[in-house]
Structure formats: C-alpha cells, structure tokens
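# Secondary and tertiary structure notes
Single-letter residue listing:
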Amino acid sequence: MHEFYEDEPELQQELTSVRATIVKTVESSHGFIRALLLSHVQSGGKMLRPALVLLCSSLGENSDRKRAIEVASVLELIHLASLVHDDIIDSAKTRRGVPTIFAQVGAKQAVLAGDYLLARALSLVGSDSGEMDSRVISNALGRLCESELEQDAGQGDFSISKATYYRRIAGKTASLFALSCYAGSAVAKVTEVEKMVCHRIGYAMGMSFQIQDDILDYVGSEEKLGKRTGKDLKEGVPTLPLLLALEAEKAMPEHDRKLTILLSKKSGPLSKAAVAKAVSLVVALDGVQKADSIAQSYKDRALKDIQTLRDRKTAIQLTQLFEKLAVRSG
Ligand code: FPP
Ligand code: MG
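For the structure given in this document, a descriptive report is provided here. Remember, predicted model here, so these are calculated numbers, not experimental data.

## As for the coordination of the magnesium ion (ligand 2)
Every protein donor of the magnesium ion (ligand 2) is accounted for by Asp 86 (OD) and Asp 90 (OD), and the metal-donor separations fall at 2.2 Å. Note on Asp 86: relative accessible area 16%, which makes it buried. You can call Asp 90 partly exposed: its relative accessible area is 23%.

Here you go:
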C-alpha cells in the first residue's frame, strides 16, 4: 500500500482491502479488457477518496467496516473511471509514469473500459443503501461531467474569471471529495448535522487539493509527478496561478503586460518556448504564491470544521492526512 499511510497501519490495512475489493470486482470483466483494467486499478495512486470514506466512517460508535470498505471501493472506482475518460479527453499517453488505457487500446475501447469501471462501481452501491442513494451519486457524477464539458468547451480561453475556475474545480474534484466524506459519515450513522459538516470538510479539502495540484503544474518536479510542468498551459487550461498572475498584470501599463500579450498572440496551442516563458512569468508575478495562500484558506476552513467533530481520534487522523497532503510535491 502507498507509503503515504505508513504511520496509519489500520487505515493502510483497510485500504488494502479496498484494493482487493476493486480487483475482485474488475476480475469478472471480459478477458479482452481484464488485464488492462487490472493494471489500471493497481497502478498505485494515493487512494485519497477511499481514505476519506474510511476515516469518516469511523466517526460513529459502531461502524460497519465491511460496508465502509465497499463504499470506499465505490468512490475509488468512480475516480478511476473518470481518469480513464480524462486521459482520452487529454490524449494522455502516460499517467503516473505508466501508459494510459487510451495509449494502449485507443479511444473507442478506452471509453468502454471507463464505462465498464463506472458500471462496476454502481454494482457495489447496492439497492438499499441509505448512505449513498442514487440521487447523491448522480449529483456528483453529473457535476464531474459538467465541469469537464465546460473545461473542454473553453479550451484555449485564458480569460475566464476566478469564479468560473472555482466552479470547474468544485465539480471535477471537490464534489467527489465531499461525497467521500459524506458517504463515510453516513456509514457511521452520525447526525444529519455532522454529515453536512463532513460534506463541507471534503469539499474544502478537494478545493485545496485541486489548487495545489494546479500549482504543481507550475512548480512541481517532473520526476515525481510523471508529467512535465506547463501541461495545463499547453492544453489551453487556465488555472488559478495563471488567473492571479493575469490579474496582477491588470495593474500595470498595457505595454508591460508580458503574460497577457504572450497569451493573446497565440493561435492554436502554445509553443514549447511560449509555455516555458508563460510559466516563468506566472511565477514572477506571484501567481503561485497567491494561489498557495488561497489553497491555505480552504485548508484552514476544513481544519476548523474538523475541530468540531466529536470523535477526537478521527479528527486527528483527518488533520494529519491533510497536513501530509499540503506538503506533497507530486
Ligand atoms: C483529472 O483532473 C480529472 C478529473 C478529476 C475528472 C475527470 C472527469 C470526467 C472525465 C468526467 C467523466 C466521469 C466519469 C465518472 C466517467 P485533471 O485533468 O486536472 O488532472 P490530470 O493532470 O491528472 O489529467
Ligand atoms: Mg486532465
């Protein structure tokens, strides 16, 4: 299991069970796609969503660990399905340094492989599941798809507002984090109020996580991330560091707005040299530093809510998970 959880043996053990549940679920797939799916589901991400489900499911006095592991598996399978589709949209050749399903079998089969994972995820939800009724799941999935659609439709448009950016990342990342915490707390059968607090914690964590992820696209290490910096710019996707840098330029005389000028000149994707130039301008204009302080304020919001949880052990575990996430560089 991922070294990220090395100081949490119980959580690590349950995450191993989540992985085993997912492998078992995928093993029943057709021979044609089985090997590909198995390598995708075993490719070793941080399993953050299932970790959030498992932690929040420990909030109650008598939590059902078997159900918690099933619900955690649903969240990870949904996430894995969305990555298969995302790699098709991005024409990504590798993810975490290994060839994507898209690169291995092409878009047609990769779409179906992603659909298959989603179908298997829904099979684990169960027909009578108070904690994850179909409305809650359909809401989160709908938001995932809407924000990807919106991002794709706006590809190459670097002039979006911060509100648009926040809406996109809320849909593509925070919604699943929020669902993870909410569904976990529902397994624990805590009060409605505490379930809503968990939803908020997941949401703020997801926002902070995605902003940090977007920062890493400007300053991350290629070796650790398995992808080059400037990928978002190259793909025409504006993120918070860029938007804040462009905002800073608005206070300057027009002829000094190097970043604005660089991005407005383009027709089609930016060249490698333009991407490198834009990345260094964003850093010089404090875009990264300012984005980092916004990520920090989401983090503070989550930590404040975590402090209100009655179960101290879980509150400490969530805080520690969050602290570790905040120092990641890939
Ligand atoms: C990765 O983020 C992508 C997502 C978090 C969401 C992708 C969602 C869809 C494609 C909608 C379809 C959903 C399902 C459930 C089938 P990113 O693009 O910022 O990160 P990356 O650099 O890892 O690609
Ligand atoms: Mg992507």
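## Focus on the environment of His 85
Residue placement: His 85 occurs in helix α4 (residues 65–89). Sequence separation of His 85 and Ala 113 is 28 residues, and the distance between their C-alpha atoms is 8.8 Å. Excluding residues that lie within four positions of it along the chain, His 85 makes contacts with Ala 110, Val 111, Gly 114 and Asp 115.

## Some remarks on the state of the cysteines
One pass over the full model with this rule turns up zero disulfides. The cysteine Cys 198 is free of any disulfide, with Cys 56 supplying the nearest cysteine sulfur at 4.2 Å. Using a relative accessible area of 0% as the deciding quantity, one classes Cys 198 as buried.

## Side note on the pattern of salt bridges
In this structure the tally under the stated criterion is 14 salt bridges. With a closest N to O distance of 2.8 Å, Arg 65 and Glu 14 form a salt bridge. Remark: Glu 14 occurs in helix α1 (residues 9–27) and Arg 65 occurs in helix α4; sequence separation between them is 51 residues. Taking relative accessible area as the criterion, Arg 65 reaches 24% and is therefore assigned partly exposed. A salt bridge links Asp 305 to Arg 200; the nearest nitrogen and oxygen atoms lie 2.8 Å apart. Here Asp 305 is found in helix α14 (residues 287–307), whereas its partner Arg 200 is found in helix α8 (residues 192–219), with 105 residues between them in sequence. The class for Asp 305 is buried, based on a relative accessible area of 13%. A single salt-bridge network, built from bridges that share partners, covers Asp 86, Asp 87 and Arg 95.

## So, the layout of surface pockets
By volume, the second largest pocket amounts to about 320 Å³. In terms of lining, the second largest pocket is formed by 16 residues, of which the most central are Phe 158, Ser 159, Ile 160, Leu 246 and Lys 250. Only α11 (240–249) and α12 (258–265) provide two or more residues apiece to the lining of the second largest pocket. A breakdown of the residues in the lining of the second largest pocket according to their chemical character gives five nonpolar, five polar and six charged.

## Re the side chain of Glu 148
Positionally, Glu 148 belongs in helix α6 (residues 134–153). For the buried Glu 148, no salt bridge is present, and the opposite-charge side chain at shortest range is Lys 172, 4.8 Å distant.

## Some details on the packing of α4 against helix α5 (residues 101–125)
Across the interface, α4 lies against α5 with an axial gap of 8 Å and an inter-helix angle of 155°. Comparing their axes, α5 and α4 come out roughly antiparallel. Between α4 and α5 lies a crossing of left-handed hand. Tallied by class, residues from the contact of α4 with α5 come to 17 nonpolar, three polar and five charged.

## As for unusual backbone geometry
Although it is not a glycine, Met 47 adopts a positive phi angle of roughly 55°. Note on placement: Met 47 falls in the loop between α2 (31–41) and α3 (48–56). Assessed through its relative accessible area of 2%, Met 47 is described here as buried. With a phi angle near 50°, Arg 96 is a residue other than glycine that sits in the positive phi range. With respect to the secondary-structure elements, Arg 96 resides in the loop between β1 (94–95) and β2 (98–99).

Definitions and cut-offs
Once a new chain begins, its residue numbering starts again from 1 and follows that chain's sequence as written. Here chains are named by letter from A upward and ligands by number from 1 upward, in the order in which they appear as written. Per-residue local features of the predicted model are confined to residues with pLDDT of at least 70, and side-chain atom pairs are confined, for both listing and counting, to 80 or more; whole-chain, interface and lining totals are unaffected and use all residues. Values shown for side chains rest on all heavy atoms present in the structure; no hydrogens or waters enter the calculation. Coordination here is defined by N, O and S atoms within 2.8 Å of the metal (3.2 Å for Na, K and Ca), and since water is not considered, a site can look incomplete. Residue exposure (1.4 Å probe, protein chains only): buried if accessible area is under 20% of the type maximum, exposed if over 50%, otherwise partly exposed. By the criteria applied, helices consist of DSSP H or I runs no shorter than four residues and strands consist of E runs no shorter than two, each listed in order from the N terminus. The contact criterion used is simple: two residues touch if any of their non-hydrogen atoms lie within 4.5 Å. For the purposes of this analysis, a disulfide is any pair of cysteine sulfur atoms at a distance within 2.5 Å. The term salt bridge refers to a pairing of a side-chain nitrogen on Lys or Arg with a carboxyl oxygen on Asp or Glu at a separation within 4 Å. Cavities and pockets were defined on a 1 Å grid built from protein atoms only: a cavity is a group of points that admits a 1.4 Å probe but offers it no way out, a pocket is an open group of points flanked by protein on both sides within 12 Å along at least five of seven lines, and a lining residue is one with an atom within 4 Å of any such point. Grid points are joined across faces, edges and corners, and a volume is the space filled by probe spheres set on the points. The classification used treats Ala, Val, Leu, Ile, Met, Phe, Trp, Tyr, Cys and Pro as nonpolar, Asp, Glu, Lys and Arg as charged, and all other residues, Gly among them, as polar. For the charge count, each Lys or Arg is scored as positive and each Asp or Glu as negative, with His and the chain ends excluded. Between N-to-C directions, angles cover 0 to 180 degrees, with each direction set by a line fitted to C-alpha atoms, over the stretch in contact for helices. Oblique is the label for every angle not falling under 35 degrees (roughly parallel), over 145 degrees (roughly antiparallel), or within 65 to 115 degrees (roughly perpendicular). Helix crossings are classified by the rotation of the near helix relative to the far one: an anticlockwise turn of less than a right angle makes the crossing left-handed, while a clockwise turn makes it right-handed.

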